[in-house]
Amino acid sequence: MQRIVDNALAVSKESVKTVTYESLNNIASCINGVSALLLTLLPGKANILEGLHGWELRPTLRGPRLPRWMQNGVSSFNHFIHELSVDSDTSSLDYSSGEEESDGPPPASPSSQCSRLSWASASAKSEGHWSDWITFILWWLILPLRILLWVPQFFLRLFFKRSSRTPASPRRNQHRPRFSKTNSSKYHDVPNRATDRRRGVVEDLHLAIEICIEAIFDFFHRATHLLLSPSEAFGILLSWFSPSSHRRKEKHDHVSDDETVQTATLGDADPSLAERPTRLYNTMNTDTRTCQDVITELGYPYEAIRVVTSDGYVLLLERIPRRDARKAVYLQHGILDSSMGWVSNGVVGSPAFAAYDQGYDVFLGNFRGLVSRDHVNKNISSKEYWRYSINEHGTEDIPAMIEKIHEIKTSELKLSQPNTDEEINHEEPYKLCAVCHSLGGAAILMYVITRKIKEKPHRLSRLILLSPAGFHEDSNLGFTLVEYIFLFVSPVLSRLVPAFYIPTRFFRMLLNKLARDFHNYPALGGLVQTLMSYVVGGDSSNWVGVLGLPHYNMNDMPAVSFRVAQHLAQIKHTGKFRMFDYGSRRGNVEVYGSPEPLDLGESYRFIDVPVDLVAGKKDKVIRPSMVRKHYKVMREGGVDVSFNEFEYAHLDFTFSHREELLAYVMSRLLLVEPTSVEQRQTSQKGMKLKKKKKEGTVV
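Worth saying up front: this structure is predicted, and the values here are computed from it rather than measured.

Which parts of the structure should I look at to understand the pairing of strand S4 (residues 314-320)?
Where burial is concerned, most of S4 is hidden: 6 out of the 7 residues are buried. For strand S3 (residues 303-308) and S4, the ladder comprises 6 bridges, and the chain directions are antiparallel. When the bridges of S4 are listed, Arg306 appears paired with Leu316. The turn joining S3 and S4, which pair antiparallel and follow one another in sequence, is formed by 5 residues; a positive phi near 95 degrees is taken by Gly312. Looking at chain direction, S4 and strand S6 (residues 361-365) are connected through 3 bridges and run antiparallel. Pairing of Arg319 across the sheet is with Phe363, part of S6.

See the structure below:
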């Protein structure tokens, strides 16, 4: 009887799984098909989707996922029934794990293995029946209470076990990385990056439905088993009231809560396995890698530097160190971005790795404005934290990071070459160049100009600005509407919305998973890509691909303060690249000493280093005409400036693999040569002779 019930439940469960799986797939395919039809009606999609493959609706012939008893592709149900009739013992049923079936065909789905594993122990205990009606009645009396206590715990444990059960494939033919880490964390997690193991929302629905079906049928299987085995029910009842069983259960729960996973990392000094505790976000299958993870996984050294600004903001300055190098490069990201943008294309296509391979000491800057809100004042309110504009990026963030770079480089070079002076004739012992994108370009220009006005050294030797912000009057209708909304509604809106970001971990996780679904269903992704491109004026950057990058994850993500957006609206409205307008003569006088903000465009004459401007011909966010305006104003101010254009959209400068751009940036960096040893020695001798002459004239 027990065997017949088990077989009926097994067939029913696999059938329900197949029906629900195919129903959900058909719904997703229908959404993808409707998206493809809508794409055919949208104008301008060819230019927007240029370079993005797979967005067209291409139906593929895919058969349904077959149950376990049809895994050979044809129905073998009669053969399945024949095997059951031959077997006379329940222990002969095939409830073994996948490891025992390595010679046979692979299972149809992960659910088949899980169902076999989950029922193996229950089927093995179906021997030695005896009846006790008193125990049977007592068991039924307390059954509702038992269900209320057991079902929620079972769902939670089963979900986390099934989510974290994904086996990691062995990494074969692995070579030792070229460089070792300069600082290693306590726990290491180096997953296999050959395949993307992230799950989207649709895949999560598949898993959740499968877990629910598994749990429901497992409950009915256990219930029928206990109904047909009163002896086992009586034993379970006794175990509930036994003190020793409670102690064993508590001990087991304590061990399972502190479950650890043994891991090892290639390239560590100690290759022994270390224990890494499992985390909740690991079970969510979202990409939570940081810039450090990307750099160290590729075998490069890494260093994290904590920088505190004068107004208390804590910034993360990341580094790919070459401590003895006399040439360094500072990379600064743009709006809604982070240092991840400079390393997101891997070894071949990332500017940070290209500069390091050319012998540079690489520093990756991060502006204030993460959702984590790191500040020296731990009790700072959200309204106070987000009260900053582009002014603070250029006069607080960049000065703090560059001064930290100067402090680090001078101390390290002094240790490696103690015979050299820190500064020779007001010249640094190293050469620092800056490569900045979008908002980072506007901030670095503000930094150089304000430092020269204050008669302070900016310590930079060259600026390479990729589609820099600053002039925005030439833009589309969408940006114009946003401009007027910010200008007229800002007094009220600034009090309600201090910044623009996704506030909760759940919705940030949902965004990351939706980006994965956009990749799995290309027509839907193409539709979202087209609509997002319309919002930003038709720019053909891979907006959907950028949403799936690790720095948009459930733990943290870049944000935009209201004042930064308001500052950009002011710049666009006035047609001038100037500092933030506080809205009143009194406010501007307190900050600038004049009723009007400082016009940075009219102050380009203070720039005393070469500047290389790069524009994108397909860039609709900062159009080439606006970058050309920078070039024109700089030429009028006597700046040593160059201008170049590439067939790029706005995000192609950082998030796309562009060999010609990397070659151009490297060629401009190589124009700045560090001071040679002979030149430094000659300068030292000249300084000494000047000092002696001055002393002689005084005497």
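Which parts of the structure should I look at to understand unusual backbone geometry?
Look at Arg459: it is not a glycine, yet its phi comes out positive at around 65 degrees. Tracing the backbone shows Arg459 in the loop between helix H16 (439-453) and strand S8 (462-466). Positioned with a positive phi, Ser467 is a non-glycine residue whose angle comes to about 45 degrees. For Ser467, the position within the fold is in the loop between S8 and helix H17 (477-496).

How do you make sense of helix H18 (residues 505-520) when you look at a structure like this?
Since the α-helix packs 3.6 residues into each turn, any two residues three or four apart lie on the same face. Here H18 contains 16 residues, and its C-alpha end-to-end distance of 23 Å stays within 8% of the 22 Å for a straight helix at 1.5 Å per residue. For H18, the set of buried residues is Arg508, Met509, Asn512, Lys513, Ala515, Arg516, Asp517 and Phe518. If you follow the buried residues of H18, they end up packed against helix H7 (201-228), helix H19 (522-535) and helix H20 (543-547).

Is there a simple way to explain the environment of Asp556 in this structure?
Looking at the element boundaries, Asp556 is found in the loop between H20 and strand S10 (560-561). For Asp556, a relative accessible area of 16% puts it in the buried group. Sequence separation between Asp556 and Arg505 is 51 residues; the distance between their C-alpha atoms is 8.0 Å. Not counting residues up to four positions away in its chain, the partners in contact with Asp556 are Leu370, Val371, Ser372, Arg508 and His551.

Quick question: what am I supposed to make of the pattern of salt bridges here?
It is possible for side chains of opposite charge to pair when their charged atoms get near one another. One pass over the structure, following the stated rule, counts 29 salt bridges. Across the salt bridge formed by Asp361 and Lys409, the nearest N and O atoms sit 3.0 Å from each other. Taken as a pair, Asp361 in strand S6 and Lys409 in helix H15 (residues 390-416) lie far apart in primary sequence, 48 residues in all. For the residue pair Asp361 and Lys409, the accessibility class agrees, reading buried in each case. In this structure, Arg459 engages Glu428 in a salt bridge whose closest nitrogen and oxygen atoms are separated by 2.9 Å.

Would you mind going over a nonpolar patch on the surface with me for this structure?
Together, Tyr484, Ile485, Phe488, Val489, Val492 and Leu496 give the surface a local cluster of nonpolar side chains, amounting to about 630 Å² of exposed area. Judged by its relative accessible area of 54%, Val492 is exposed.

Help me understand the sheet that holds strand S7 (residues 431-437) in this model?
Sheets are built from strands that pair by backbone hydrogen bonding, the pairs being arranged parallel or antiparallel. Here 8 strands make up an open sheet; going across it, the order is S3-S4-S6-S5-S7-S8-S11-S12 and the pairing mixed. The strands lining the two open edges of the sheet, one partner per strand, are S3 and strand S12 (641-646). For this sheet, the mean angle separating the axes of adjacent strands, direction not counted, is 20 degrees. Sheet analysis places S8 next to strand S11 (residues 611-616), joined by 4 bridges and oriented parallel. Counted as the bridge partner of Ile464 is Asp612 from S11. Each of strand S5 (327-332), S7 and S8 touches H16; the most contacted strand, S7, lies at about 135 degrees to it.

Hey, could you run me through the nonpolar core in this one?
One broad trend across soluble globular proteins is that nonpolar side chains are buried collectively. Tyr330, Ile444, Leu463 and Ile607 are the most contacted members of the largest nonpolar core, which totals 64 residues. Of all the elements, H16 adds the most residues to this core, at 9 residues. Dropping the residues within four chain positions of it, Ile607 is found in contact with Leu445, Val448, Ile449, Met634 and Val639. Core analysis: the next-biggest nonpolar cluster, separate from the first, contains 34 residues, Cys291, Val329, Leu364 and Val672 among them.

Thresholds, definitions, all that
- Residues numbered from 1 in each chain as written.
- Predicted model: local features only at pLDDT ≥ 70, side-chain atom pairs only at ≥ 80, totals over all residues.
- Heavy atoms only, no water.
- Buried < 20%, exposed > 50% of the residue type's maximum accessible area, 1.4 Å probe, protein only.
- Helix = DSSP H or I, 4+ residues; strand = E, 2+ residues; numbered from the N terminus.
- Pairing = 2+ DSSP bridges.
- Expected span 1.5 Å × (residues − 1).
- Contact = heavy atoms within 4.5 Å.
- Salt bridge = Lys/Arg side-chain N within 4 Å of Asp/Glu carboxyl O.
- Patch = residues over 30% accessible without salt bridge, like charges linked within 9 Å, V, L, I, M, F, W, Y side chains within 5 Å.
- Areas by Shrake-Rupley, 256 points an atom, 1.4 Å probe, with all protein chains shown as cover.
- Axes fitted to C-alpha atoms, helices over the stretch in contact; angles between N-to-C directions.
- Core = buried A, V, L, I, M, F, W, Y, C linked by side-chain atoms within 4.5 Å.

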